[in-house]
Structures are given as C-alpha cells and as structure tokens.
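Fold and geometry: a report
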Amino acid sequence: MEPFLTLTGLVAPIDRANVDTDAIIPKQFLKSIKRSGFGPNLFDAWRYLDHGEPGMDNATRRINPDFVLNEPRYRGAQVLLARRNFGCGSSREHAPWALADYGFRALIAPSYADIFFNNCYKNGLLPIVLSESQVDLLFGAVNAFPGFKLTIDLERQQVAAPDESMVFHFDAEPFRKHCLLHGLDDIGLTLQHADAVRAFEARRLAEQPWLI
Amino acid sequence: MPKLARTLYDKLWDAHVVRAEADGTVLLYIDRHLVHEVTSPQAYEGLRLAGRRPWRTGSIVATADHNTPTTDWDDGIRDPISRTQVETLDANIGATGAKAYFPFRDKRQGIVHVIGPEQGATLPGMTVVCGDSHTSTHGAFAALAFGIGTSEVEHVLATQCLLTRKAKSMRVRADGRLPAGVTAKDLALAVIGRIGTAGGTGHAIEFSGSAVEALSMEGRMTLCNMAIEAGARAGMVAVDDKTIEYLRGRPFAPAPELWDRAVAQWRALASDDGASFDEVVALDASALAPQVTWGTSPEMVVSIEGRVPDPDRERDAARREGLERALTYMGLAPNTPMTDVHVDKVFIGSCTNSRIEDLRAAAAVARGRRVASSVRQALVVPGSGLVKAQAEREGLDRIFRDAGFEWREPGCSMCLAMNDDRLEPGERCASTSNRNFEGRQGAGGRTHLVSPAMAAAAAIMGHFVDVRRLA
C-alpha cells in the first residue's frame, strides 16, 4: 500500500447524504476478478447518460454534463467532499478501489458507513471525519472558489486551506494512522503474532471441539 | 467483588480477543469464514501473490450465489464475465480447500446467508465473517457476525484473525405482540424508519424484548439481516430454546457426543441482567402495521396506511432536497396513498426473505388467487436448493405457479441484479429484499421494500395493499 503523508489536492463536492456503494460502483462492475480498473466506472449511473456495462469503451459514452465530477473545474480532483453516511450499503471494496483508481486520495465527510470506512484505510484512501458545520464551510468554499484546494497532513491530523483561512483538526486511530503513514501490510503485522494466534486457536478448539 | 454484568456482545467479543493494542485495536479470532464469488477472487489472488495459504480451511464454507442464473441451469452461466468469476471460486476452493463448498448447481447451493444456518455452519458463540454486508444475518444465532471488505477477507484467509475495534452497543427492544400480518421484516423496517440508516453506525445491535423472543429463527435472521441497513455491522439475538432446536441435527451442528456440552455453553449467550448499553431504543411491536418503503433509502419508509411524504412539510433545506430527489427518482407524487402505488414486478427472495417461512407466508396469500394482469413478472426465488426442495414437498411451488408466479432456482437474483433478473428503467417493484437504492435492482428501477406476504399481496392486486385486508 502506498504511504499517505501529506497531500495538497483539488477538492470536488458531492452534495448529497447517504451516498451508497451501489452508486459509487454499480453491481455490473463487480464481476471483475481484478482490483484495478474501476475508476472509469466510478458513479457510473450518475456520470454517464447511457447504461454502462463491463468491457464498454467509456470514452465513447455519453457524459452527463450535470454531474458534478464532469465539470471541468473538478478535473484532477484528489479530495472528495461529501455529506453524512457516505459509503453506506454493501461491503464491496470495489467502492474504495474505484475512488482511488479515479484519483481520489482522501475523503471528507461528517460520517461514513463502518465497512466502507475500514475498506478505505486498507487502500491508502484517507476518510476524514469533520463536523457538519466544518463540512458546510468547506462546501461553501468549494462552490465559491474554482480551483479550491486543501492540504491534508496525516501526521499532524490537520486539514487546511492553502491560505490557512480554515484549519481543521481531525481524529485518526493511532494504529490505522501508523499503517497508512508507513504504507504497512497489516497481514504481515498480524503474522508477527502467529504464535499467539496458534496458541489461542488450540485452546479455543480444545474447549469447543465442534468448531473444528 | 461481583462480576461486571456483560452484554451478549461483550461476551462474544471477549471470547475472541487474541491480543489488544494500546489504542484499542484488537486481533480478533474468526471461527467461521463464509466465502462467495464476488468479494473473494482478489483476496485469493493476494494470498497467492504473497506465497501464503489459508490459515484454517476448516473455517471456510463457500458457495456461488450472486452471479448465478435462476433459470436454465443446464445451460450453465451464459454471461462470460459472471462465469469466469464463478469458475475462479471453483478453482480457488479446489486449490486450497474448505470445510464445505456448495458450487453452482449443487442441490445445497444457495445464498450464503441462507445456507450457513441451514447447514448448521453458523453456531452460537462463533465469530462469523463474510465479504458481504448482510453477514449480520447470522447474529440471529447469538454469533458475532459482520461483513468485511476484500482486504479483510484476505486478512482472515491468511491469519484467521481481523484487526478491528470494539463497537458501541445498542439494544433495540421490541415488546408486545406483532399483530397478525405484521412480520419481522416490518419490525426491521420500522426500526430503520425510527433510527435512520446511520442510526446504528459504530454500534452492534442486540435485538430483544417479547416481540423478538416470539419470532422464529427465520424471523430473527430477517431482523438481524437488516441491522446493516440501520448502519450496524452486527445484529444479534440471545440464545433460547428456539435457537437450539433449530440447530439440532443439522449437518455441521455439534456431533451427538458433543451436543450437550455445546448447548450448556450456548445457554450463557445472553446479556446479563443489569448489563448496560450505550444506546437503547424501545418499540411497541403491537402498534405496528405492515411497512412499505417509498424512497431510495430503507429509512424512507411508511406504514401501508400512510402516504408518500410531502417535501413542502420538511423545513430543513438539505433534507427537503433529498426527499425531492428520491420522489423524482421513484416517480411518485407527494401525499399519494401507498395503496395507490402500482407495481410492474414483484420479487420474493434474497438473504432477507427467501427462507421456508417466507415462502409459506407468500404462498398463503397467493393460494387460489391470480397475479394481476398489469404485473409483468412476479418471481419467487428460494434462498437455497434445500429451501426449494422443502417448498416443493409442501406444494408451495404449485400454489405460486398456479397463481402466475415464476418459480426459480436459488440465488441472490433480483436483490442486486448481477444476473439476468432485473428491473428495466422506470419499472416499479414490490421486493422482499433489503435495499431500495437507486439502480439496485437494475439501472433506473424503482424498489419498494416489503414483507413476503405484502409482496404477494401487491402481485395479486397490482398495487400495494394492506395484506390484512386481503384475508
């Protein structure tokens, strides 16, 4: 996993609550057995006017000009600003895969669904939680200033506008933060405790042999 | 000193902690790993690339369910991309092994959350995970069961553990008797309507109270299945006699010589008197009517006696905009009585409502009646091959067919429309599934979530109707 240290990136807004993972990446694209290539189908049903299927040439499809990410001013955005309960619904990790493949490195919202939140951290995508009022301020700024960027510093747990007119602190669990800062493979970390797992397992299966 | 009163969730959690980090991150041992074709291929590939093997194949129960067709099984899977995904699962399980694998066309194949309990592969006291958010279903057996992403599927395959943190606890207490015609699905939708789709975020929900105790195991599975639609990764119900009787004699239930020992341990799987919860929600089950969703989120739900809401009455601008967007997508006018809403299709199935009790409830409504001529398609998709066989032994397939329903092979089907069963743009469906998101059952499709009896009633009448008035 790519480490996440600091990022200064263009911000794009999705101004609706309860954006679900079916919207982020529709089911027909879940048939892939790969982890990559989902970016062109991120928000497929909102982004295109025609119906998308795997294998289509997305370059020839009809773009929905009213969808916010299709506005030229948001091209190259790396920070997605969203509303509450972002990523609700299914556990599909294809959702963060699609967001990351599109180019997003960080998300900012008042809240996320639990499974989606976990999945983001596993893919170098930083889901930042700010208060409703802070998120409101950011929506105001994004709408008012084309080219609005934010600088995100994971070590300092801080989101800042370039002119420092807004500087917000965010929480990050120490373990997740450590893994993301260093791009650590958490399977490798867990396997450092393989003996403890083996001992636990032996005891548990002896006490409850029907689990074997 | 007296022992601290613990919740069921505390007990399940404590029993699986291998080690804890200073910040509260825990290495949690996983007893049962359910695997299906959509969220596992990348995990197996990751494992292979790292030169790793599954830690304990005896924990794995696998099946193909999301992509499988529900007709013409002799023709195999026609969609080549779907077929590749299912064959990839065949190959992965074939190469590394599992306690049990129910491949496409096996007579025990079915929706992973139906076959786990059906096989006795889900047991009280277990941690159960699957790369599927509706894993919460298995909490009906006093298991700690929750959905995970594909990276976590790989983590569990490689280490038999998850790195995770304890959630907060919520008790949803439903007392009183559910009126006749009001089911576990209605209770689940009412809970979601009350607390919202993010109401349970960050929490594990324990469902309790006399209305929950009165539910069958099938009903409890329906209720726990929908915990995730309230935002809670896990839902659970304490062990009682029904739990134990359901499991007796199932293929993977404890062997006879271990049974009494297992039952003695399971009996402790309930919250202690005086255990405290971070949140408590109480509902009067006796006051509930059948529920119908009207919008594009499960929290957008009303009683069948209600109407489509009027955005003009919503003061909060953002919420009003959300209501308007949902009404536009759903093609509904404000204040329309729900009983005036006509349907094009009906879907009875999914991990929420495809068990034998669900099919019996729908068949009781369909018996001796006909699907309305305005309804283009009414599907009944059993949750597993064994549910299908049981229903056929009871003659339910006959009842459905005679009434004009299609009787299909088992699978996830039109719940998420990864196979050929789907809504066309603009079509409206009465569905017993769990999500009414935009496009969930097919691009442009409009989903209304209801119980199996309510779905059958909508099929017969061609519009939503209070099933209690149909008797």
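Residues numbered from 1 in each chain as written. Chains lettered and ligands numbered in written order. Predicted model: local features only at pLDDT ≥ 70, side-chain atom pairs only at ≥ 80, totals over all residues. Heavy atoms only, no water.

1. Focus: the domain arrangement of chain A
Assigned domains of chain A: these are domain 1 (6-181) and domain 2 (185-212). Each of domain 1 of chain A and domain 2 of chain A has a C-alpha centre, and the two are 36 Å apart. (Domains from an automatic or database assignment.)

2. Looking at helix H3 (residues 80-96) of chain B
Because each turn of an α-helix spans 3.6 residues, side chains separated by three or four positions end up pointing in the same direction. All names here are of chain B. In this model, H3 (17 residues) spans 24 Å end to end at C-alpha, consistent with the 24 Å of a helix rising 1.5 Å per residue. Of the surrounding elements, those touching the buried residues of H3 are strand S3 (32-35), helix H2 (41-49), strand S4 (60-63) and strand S5 (100-102). Gly 97 sits one or two positions beyond H3 and adopts a positive phi of about 95°. (Helix = DSSP H or I, 4+ residues; strand = E, 2+ residues; numbered from the N terminus. Expected span 1.5 Å × (residues − 1). Contact = heavy atoms within 4.5 Å.)

3. So, helix H8 (residues 217-225) of chain B
With nine of nine residues buried, H8(B) lies mostly within the body of the structure. Burial in H8(B) covers these residues: Met217(B), Glu218(B), Gly219(B), Arg220(B), Met221(B), Thr222(B), Leu223(B), Cys224(B) and Asn225(B). (Buried < 20%, exposed > 50% of the residue type's maximum accessible area, 1.4 Å probe, protein only.)

4. Section: the sheet that holds strand S10 (residues 203-208) of chain B
Residue and element names in this part refer to chain B. Spatial ordering of the open sheet is given by S11-S10-S9-S12, a layout of four strands whose pairing is parallel. The sheet is open, and its two borders are formed by strand S11 (234-236) and strand S12 (279-284), each paired with just one other strand. Strand-to-strand twist of the sheet, defined as the mean angle between neighbouring strand axes without regard to direction, takes the value 20°. As judged from the six bridges shared by strand S9 (residues 168-175) and S10, these two strands associate in the parallel manner. Directly across from Val 172, in S10, lies its bridge partner Phe 207. In this fold helix H6 (residues 184-195) packs onto S9 and S12, with an angle of close to 125° to the strand it touches most, S12. (Pairing = 2+ DSSP bridges. Axes fitted to C-alpha atoms, helices over the stretch in contact; angles between N-to-C directions.)

5. Regarding the confidence of the model for chain B
Summing up the model confidence of chain B, the mean pLDDT is 97 and the portion of residues at 70 or higher is 99%. On the interface metric, ipTM, the complex scores 0.96, and its pTM is 0.97. (pLDDT = per-residue confidence, 0-100.)

6. A short note on the interface of chain B and chain A
Of the residues lining the interface, 76 residues belong to chain B; the matching set on chain A comes to 58 residues. Here chain B packs against chain A, burying approximately 5,500 Å² in sum over the two surfaces, 56% of which is carbon and sulfur. At the boundary of chain B with chain A, the tally comes to eight salt bridges. Linking chain B to chain A there are 41 residue pairs in polar contact (both at pLDDT 80 or more). Going through the elements one at a time, strand S1 (17-20), strand S2 (25-29), H2, H3, helix H5 (150-159), strand S8 (161-165), helix H10 (256-266) and helix H11 (317-330) of chain B are the ones with two or more residues in the side of chain B that touches chain A. Sort the elements by how many residues they give to the side of chain B that touches chain A and H5(B) lands first, with seven residues. When the residues that make up the side of chain B that touches chain A are grouped by side-chain class, the tally is 26 nonpolar, 28 polar and 22 charged. (Buried area = accessible area lost by both parts, 1.4 Å probe. Salt bridge = Lys/Arg side-chain N within 4 Å of Asp/Glu carboxyl O. Polar contact = N/O pair within 3.5 Å; in protein donor to acceptor, adjacent residues only side chain to side chain. Nonpolar A, V, L, I, M, F, W, Y, C, P; charged D, E, K, R; others polar.)

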